[in-house]
Amino acid sequence: QIQLVESGGGLVQAGGSLRLSCAASTRTFTSYVIGWFRQAPGKEREFITAITWSGGSTYYADSVKGRFTISRDNAKNTVYLQMNSLKPEDTAVYYCAAPPPGTAVGGAADFNSWGQGTQVTVSS
């Protein structure tokens, strides 16, 4: 079992930066791949990035590649999403999520534990 809590969202101007945090409550954090998703109003939830158990591998959607960076601190049970060069189209609720422990990075349907989300609004 894993519980996830996001924080760090807010309002930022285009071109600015935000860092989101995803704090996990579990005794086996290093068994979990962690991903970030987002959902804009009227749109489907979108995968944006994921990181493997040790942090050795990361994956990004084309829409955020080169602007967003995912990292994890296993000593703190926390995953971070550094978002730079933000655009108005990045406005969305951002969720962190995890598939069952020991599951490798696969499709979005594998993620079955979700945080409550944090709002990111980018003004033009």
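Now for a look at the structure at hand. Within any chain, residue numbers begin from 1 and follow the written order of that chain's sequence. Only residues with pLDDT of at least 70 are given local features in this predicted model, and only at 80 or more are side-chain atom pairs given and counted; all residues enter the totals for whole chains, interfaces and linings. Excluding hydrogens and water, the side-chain values take into account all heavy atoms of the structure.

1. A closer look at the overall build of the protein chain
Secondary structure counts use DSSP, requiring at least four H or I residues in a row for a helix and at least two E residues in a row for a strand, with both numbered from the N terminus. When you go through the protein chain residue by residue, the secondary structure sums to zero helices and 11 strands. The order of α-helices and β-strands along the protein chain, N terminus first, is β-β-β-β-β-β-β-β-β-β-β. Here the radius of gyration uses the C-alpha set of atoms, whereas the globule reference equals 2.2 Å times the residue count to the power 0.38. For the protein chain, the C-alpha radius of gyration of 13 Å lies close to 14 Å, the compact-globule estimate for 124 residues. Along the first, second and third principal axes, the C-alpha set of the protein chain runs to 40 × 30 × 25 Å. Buried, partly exposed and exposed residues are distinguished by accessible area as a fraction of the type maximum, computed with a 1.4 Å probe on protein chains only: under 20%, between the cut-offs, and over 50%, respectively. Expressed as a percentage of its 124 residues, the buried residues of the protein chain come to 43%. Here, residues are in contact when the closest pair of their heavy atoms is within 4.5 Å. Counted over contacts in the protein chain with a minimum sequence separation of 6, partners at least 24 positions apart contribute 58%. Element-wise, carbon and sulfur atoms account for 47% of the exposed surface of the protein chain, whose accessible area totals about 6,200 Å². In these tables, accessible area is a Shrake-Rupley quantity obtained with a 1.4 Å probe, and a residue counts as shielded only by the protein chains included in the view.

2. As for the nonpolar core
Judged by nonpolar contacts, the single largest core of 27 residues is most densely connected at Ile34, Trp36, Met83 and Tyr94. Contributing elements (two or more residues each) for this core: strand S3 (18-25), strand S4 (34-39), strand S5 (46-51), strand S7 (68-73), strand S8 (78-83), strand S9 (92-98) and strand S11 (118-123). If you look at the next biggest cluster of nonpolar residues, it comprises five residues, including Val33, Phe37, Ala50 and Ala97. As used here, the term nonpolar core means buried Ala, Val, Leu, Ile, Met, Phe, Trp, Tyr and Cys residues forming a set that is joined through side-chain atoms within 4.5 Å.

3. Quick notes on the environment of Met83
Tracing the sequence through the fold places Met83 in strand S8. For Met83, a relative accessible area of 0% corresponds to the buried category. Spatially, the C-alpha atom of Met83 lies 8.8 Å from that of Ile70, the residues being 13 residues apart in sequence. Sequence-distant contacts of Met83, that is, excluding residues within four places in its chain, are made with Gly16, Ser17, Leu18, Leu20, Arg67, Phe68, Tyr94 and Val120.

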